[in-house]
Amino acid sequence: MIGAGILKGMAVTLRNFAGSYFEKDRLITVQYPEERSPLPENYRNFPILIYDTEDAEAGLRCVACKICEKECPPQCIYIVKSEDKKPDYMGKPQFYPKIFDIDISVCMSCQICVEVCPFEAIKMDKVFELSKRERFDALLQRKNDLAKSNSYYHEIHPVEAAEVDTKLAEAAAKKKPGPAPAAAGPKPAPQPSNTG
Ligand code: SF4
Ligand code: SF4
């Protein structure tokens, strides 16, 4: 029949229009910023630096190895390594970043920095409301802006953060010295036989 396709299309439109008043799944308009859609676990925006314990400076996992700086495609990471060392999460003395900046006006959210980091130190945030009125330095994120606690990481990526914790705990357990072998004592005296 001529026009059947148009009628069919209009029926779909009508069904969705009417359904949008009654069915929750069809209520697709979100009244942002008063309402916000929940973001999926793997949503990502810009990188952050993770720290353990309560101290953002002492607990920072980053050891300033600069791998992420080298691998970042648009070269928007800038790191200056410390001259002294501080203990890492396993108590091993490590360098730390004296300066760690990311220019998020250049960052393309590719996550390569996260993938190449051998220390689980850099992860992707979910915050997207970072626009600024000023054009230049306002989008330069300094070490203090980038530092986020491991609890925050658990809030935004619970599954991934739990996997990372397990991995780090296993690595720490492997590095710990095992229990000392038991000292060789005197051999027990042979027991008399009861067969007689
Ligand atoms: S997400 Fe990509 S572009 Fe952004 S800092 Fe990391 S490597 Fe660079
Ligand atoms: S974030 Fe990771 S890869 Fe980048 S400097 Fe720190 S430890 Fe190295």
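Residues numbered from 1 in each chain as written. Chains lettered and ligands numbered in written order. Predicted model: local features only at pLDDT ≥ 70, side-chain atom pairs only at ≥ 80, totals over all residues.

Caption draft 1: Representation of the overall build of the chain within the structure. The helix and strand tally for the chain stands at six helices and eight strands. For the chain, the succession of helices and strands along the chain, N to C, is α-β-α-β-β-β-β-α-β-β-α-β-α-α. Out of the 196 residues belonging to the chain, those deemed buried represent 18%. Taking as baseline every contact in the chain between residues at least 6 positions apart, the subset at least 24 positions apart corresponds to 67%. (Helix = DSSP H or I, 4+ residues; strand = E, 2+ residues; numbered from the N terminus. Buried ≥ 20, exposed ≤ 12 C-beta atoms within 10 Å, placed from the backbone. Contact = placed C-beta atoms within 7 Å.)

Caption draft 2: Focus on the site of ligand 1. Not every one of the 14 residues close to ligand 1 is listed here, only the nearest: Cys72, Cys107, Cys110, Ile112 and Cys113. Taken together, the residues of the shell around ligand 1 sort by class into twelve nonpolar, two polar and no charged. (Near = placed C-beta within 6 Å. Nonpolar A, V, L, I, M, F, W, Y, C, P; charged D, E, K, R; others polar.)

Caption draft 3: Structural detail: the sheet that holds strand S5 (residues 97–103). Spatially, S2-S5-S7 is the arrangement adopted by the three strands of the open sheet, whose pairing is antiparallel. Of all strands in the sheet, those with a lone pairing partner are strand S2 (77–81) and strand S7 (140–141), marking the two edges. Relative to S5, S2 runs antiparallel, the two being bridged by five bridges. Residue pairing across strands places Lys81 opposite Pro97, the latter belonging to S5. (Pairing = 2+ DSSP bridges.)

Caption draft 4: Focus on the sheet that holds strand S6 (residues 122–124). In space, the three strands of this open sheet follow the order S6-S1-S8, with mixed pairing throughout. Edge positions in the sheet fall to S6 and strand S8 (147–149), since each of these pairs with one other strand and no more. The sheet shows a mean angle of 50 degrees between the axes of neighbouring strands, direction not considered. Bridging between strand S1 (residues 47–51) and S6 involves three bridges; their strand directions are antiparallel. Each bridged residue has a counterpart across the sheet, and for Ile48 the counterpart in S6 is Lys123. (Axes fitted to C-alpha atoms, helices over the stretch in contact; angles between N-to-C directions.)

Caption draft 5: Spotlight on the site of ligand 2. Neighbouring ligand 2 are Cys62, Val63, Ala64, Cys65, Lys66, Ile67, Cys68, Ile79, Cys117, Phe119, Ala121 and Ile122. Across the shell around ligand 2, the residue classes tally to eleven nonpolar, no polar and one charged.

Caption draft 6: Layout of the environment of Lys167. For Lys167, the position within the fold is in helix H6 (residues 158–175). Linking Lys167 and Glu120, residues 47 residues apart in sequence, is a C-alpha distance of 9.5 Å.

Caption draft 7: Up close: the confidence of the model for the chain. Per-residue pLDDT for the chain averages 87, and the proportion of residues at 70 or more is 89%. A low-confidence stretch, residues 183–196 stays under pLDDT 50, and its non-local contacts, those more than four residues away or across chains, total zero contacts. (pLDDT = per-residue confidence, 0-100.)

Caption draft 8: Up close: helix H1 (residues 4–22). Here H1 is 19 residues long and its end C-alpha atoms lie 27 Å apart, about the 27 Å a rise of 1.5 Å per residue gives. Counting buried positions along H1 gives zero out of 19 residues, so the element sits mostly on the surface. (Expected span 1.5 Å × (residues − 1).)

Caption draft 9: Expanded view of the nonpolar core. Counting 22 residues, the largest nonpolar core has Leu49, Cys62 and Ile122 as its most contacted members. The set of elements that each furnish at least two residues to this core consists of S1 and S5. With residues near it in sequence (within four places) discarded, Cys62 still touches Leu49, Tyr96, Pro97, Phe100, Phe119, Ala121 and Ile122. (Core = buried A, V, L, I, M, F, W, Y, C linked by C-beta atoms within 7 Å.)

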